[in-house]
Amino acid sequence: MQLRYNFRVYPTPGQRQALAKAFGCARTVFNDALRAREAARAAGLPYLSDAELSKLVITQAKRTPDRAWLAEVSAVVLQQALADLNTAYRNFFASAMGRRKGRKVAAPKFRSRKDSRQAVRFTRNARFQVTAGRRLRLPKVGDLRVRWSRALPSEPSSVTVIRDAAGRYFASFVVEATDTPLPETTGEVGIDLGLTHFAVLSDGRKIADPRILRRAERRLRKAQRVLSRKQRGSANRAKARARVAKLHARVADTRRDHAHKLSTMLIRDNQAVYVEDLNVAGLGGTRLAKSVHDAAWAQFTAMLEYKAARYGRTFAKIGRFEPTSQICSVCGVKDGPKPLNVRIWTCGACGTIHDRDVNAAKNVLAAGRADSLNACGAQVRPGSVPAPRGEAGTRSKPAPTGVR
Ligand SMILES: [Zn+2]
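Residues numbered from 1 in each chain as written. Predicted model: local features only at pLDDT ≥ 70, side-chain atom pairs only at ≥ 80, totals over all residues. Heavy atoms only, no water.

Thoughts on the confidence of the model for the protein chain
Our working rule: Every residue is assigned a pLDDT by the predictor, reflecting its confidence on a scale from 0 to 100. In this description, contact between two residues means that some pair of their heavy atoms is separated by no more than 4.5 Å.
For the protein chain, the mean per-residue pLDDT works out to 86, and 88% of the residues sit at or above 70. This model gives residues 280–284 a pLDDT under 50, and the stretch forms eleven contacts once residues within four places in sequence are excluded. Contacts of residues 376–404 to residues separated by more than four positions or lying in other chains number 82 contacts, the stretch itself having pLDDT below 50.

Printed below as a string of structure tokens:
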């Protein structure tokens, strides 16, 4: 399976300039191509093919005076920007025609110099390499100093260089990693993802967000309030914005770290892991709190999914066709809806006293077991799962810093 390995890099001022140029050129090609496709559509002309587009916005553009500077960066960077646009279009069309699972994908949007995340991708064609001195050599940029926090398991097929909103630089390598099944265990676990705890397990364990994360989130909210009071265009506003970006990055890093530790533990200790398919619509809380938790859960379940595939475990999401918090996990009687403030309830049929979240997690486990037995009369294992590929510039979320 393909995995991403991310490392912090420290470009010199000169390399930063070269990278800024590469970001700018990639953005220009992406935007020119998007504009060309939109113009063609508005004029009722046929959809421009990838090859026609490449000729138009790269090859021919380089010969014009106002795009001649595109030649100053690696051609691969430009082709990859175009590849990003084509992927965005493909996802959009597939989603619009119902051929793609999950949330609706929006049409490609123009990139901006002000986007919080700037990125360029170098493939093997670009002849990037890790030098004998353990630096990352990029064409027309130079040899970047890398903090290697672990070894790459194999030769990378591409590297994306990212600058995040906090001004940090990362190199994200795509490598082919072989699956390494762990010895089988008998453990099975159902997980309920909620707002009172990050996760509640069917064995009764409740996992809260780490205190350090809550503290960081509090600081971030405060910094956001400060920012909102600063006058537009002022130097103080810029300073406040930089602080928000920095705290944001810290929260994201801490959250990811926590999710990695928890998902690794769950996959190591259990042969099968079941999670309720995310549906936060029915949960309370403000819209912001929901979107934060939504993103955190999506990240966590994605980790569970690829780690399960990699280590030979079963992972499944349980559909929300039955309200897991209303059914007694002991006798199976549906006890009716309960307001969110009801944390403990007694089953009217069998008299069992339930912790709302643990009961839900037990139901997730039971549903997961039933599903995997139904699938073909025996325990099934999911096939190989593609690595989570948050590729260059297609998302505006902060850069990931670790795949374990
Ligand atoms: Zn009962």
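Additional details are given in the paragraphs that follow.
Re helix H3 (residues 75–96)
Our working rule: The numbering of helices and of strands both runs from the N terminus, where a helix is a DSSP run of H or I of at least 4 residues and a strand a run of E of at least 2. Any helix carries an expected span of 1.5 Å times its number of residues minus one.
The terminal C-alpha atoms of H3 lie 32 Å apart, and with 22 residues this matches the ideal 32 Å at 1.5 Å per residue to within 8%. Following H3 by one or two positions, glycine 98 adopts a phi angle in the positive range, close to 75°.

Here's the deal with the sheet that holds strand S7 (residues 169–176)
To keep things clear, this is the line we draw: The rule for pairing is simple: two strands pair if DSSP sees at least two bridges between them. For helices, the fitted axis covers only the stretch in contact; all axes are lines through C-alpha atoms, and the angles between them, taken along N-to-C directions, range from 0 to 180 degrees.
Strands sit in the order S2-S6-S7-S1-S5-S4-S3 across an open sheet of seven strands; the sheet is antiparallel. Of all strands in the sheet, those bounded by a partner on one side alone are strand S2 (118–123) and strand S3 (129–130). Where S2 meets strand S6 (residues 158–163), six bridges bridge the pair, whose relative direction is antiparallel. For glutamine 118, the partnering residue across the bridge sits in S6 and is arginine 163. Of the strands in this sheet, strand S1 (2–10), S2, strand S5 (142–147), S6 and S7 touch helix H1 (residues 13–42), which is tilted by about 90° from S2.

Concerning the pairing of strand S11 (residues 272–276)
This is how the line gets drawn: When a residue's accessible area, from a 1.4 Å probe over protein chains only, is under 20% of the maximum for its type it is buried; when over 50% it is exposed; and in between it is partly exposed.
The element S11 is extensively covered by neighbouring structure, given that five of its five residues are classed as buried. Residues Ala272, Tyr274 and Glu276 line one face of S11 and the alternating positions Val273 and Val275 line the opposite face, and both faces are buried. Alignment of strand S8 (residues 188–192) against S11, held across four bridges, turns out to be parallel. Directly across from glycine 190, in S11, lies its bridge partner tyrosine 274. Of the pairings in the sheet, the one linking S11 to strand S12 (residues 314–318) comprises five bridges and is parallel in character. When the sheet's bridge partners are listed, valine 275 is paired in S12 with lysine 317.

Side note on the environment of aspartate 179
With respect to the secondary-structure elements, aspartate 179 resides in the loop between S7 and S8. Aspartate 179 gets classed as partly exposed once you look at its relative accessible area, which sits at 39%. Here the alpha-carbon distance between aspartate 179 and arginine 310, two residues 131 residues apart in the chain, equals 4.5 Å. Those residues in contact with aspartate 179 that lie beyond four places of it in its chain are Met1, Ala309 and Arg310.

A word on the pattern of salt bridges
For the record, the criterion: One speaks of a salt bridge when a side-chain nitrogen belonging to Lys or Arg is within 4 Å of a carboxyl oxygen belonging to Asp or Glu.
Summed over the entire model, instances satisfying the criterion amount to 19 salt bridges. In this structure, the salt-bridge partner of arginine 67 is aspartate 32, at a minimum N-O distance of 2.7 Å. Pair noted here: arginine 67 is in the loop between helix H2 (50–60) and H3 and aspartate 32 is in helix H1, with a separation of 35 residues, a long-range link. Overall, the relative accessible area of 14% leaves aspartate 32 in the buried class. We note a salt bridge from aspartate 203 to arginine 205, for which the minimum N-O separation is 3.0 Å. Note on arginine 205: relative accessible area 40%, which makes it partly exposed. Overlapping salt bridges, with partners in common, bring together Asp164, Arg168, Asp253 and Arg256 in one network.

Some details on the packing of aromatic side chains
Inclusion rule: When the centres of two rings from Phe, Tyr and Trp lie within 6.5 Å, Trp using its six-membered ring, the rings pair. Their planes under 30 degrees apart give stacked, over 60 give edge-to-face, and anything left gives tilted.
Evaluation of the coordinates by the stated rule reveals eight aromatic pairs. With 5.9 Å between their ring centres and 65° between their planes, phenylalanine 7 and phenylalanine 173 make a pair best called edge-to-face. Of this pair, phenylalanine 7 sits in strand S1 while phenylalanine 173 sits in strand S7, and the two are 166 residues apart along the sequence. Aromatic rings pair up to connect Tyr47, Tyr89, Phe92 and Phe93 into one cluster.

Remarks on the coordination of the zinc ion
Note the cut-off: Note that water is not among the atoms used; donors are N, O and S atoms within 2.8 Å of the metal (3.2 Å for Na, K and Ca), so sites may look incomplete. Tetrahedral means four donors with every angle between 85 and 135 degrees, whereas square planar (four donors) and octahedral (six donors) require angles over 155 degrees between opposite donors and between 65 and 115 for all others; sites fitting neither are termed irregular.
Binding of the zinc ion to the protein goes through Cys328 (SG), Cys331 (SG), Cys347 (SG) and Cys350 (SG), at separations of 2.2 to 2.3 Å. Every donor counted, the four donor atoms about the zinc ion form angles of 105 to 114° at the centre, which fits tetrahedral coordination. Counting the intervening residues between successive donors of the zinc ion yields the motif C-x2-C-x15-C-x2-C. Remark: cysteine 350 occurs in the loop between strand S13 (344–346) and strand S14 (353–355) and cysteine 331 occurs in the loop between S12 and S13; sequence separation between them is 19 residues.

Observations concerning unusual backbone geometry
Even without glycine at this site, arginine 134 takes up a positive phi of about 65°. If you trace the backbone, arginine 134 turns up in the loop between S3 and strand S4 (135–138). Classification of arginine 134 by relative accessible area gives partly exposed; the value is 45%. Here the phi dihedral of lysine 140 falls at roughly 65°; this positive angle occurs in a residue that is not glycine. Considering the arrangement of structural elements, one finds lysine 140 in the loop between S4 and S5. Judged by relative accessible area, which is 52%, lysine 140 ranks as exposed.

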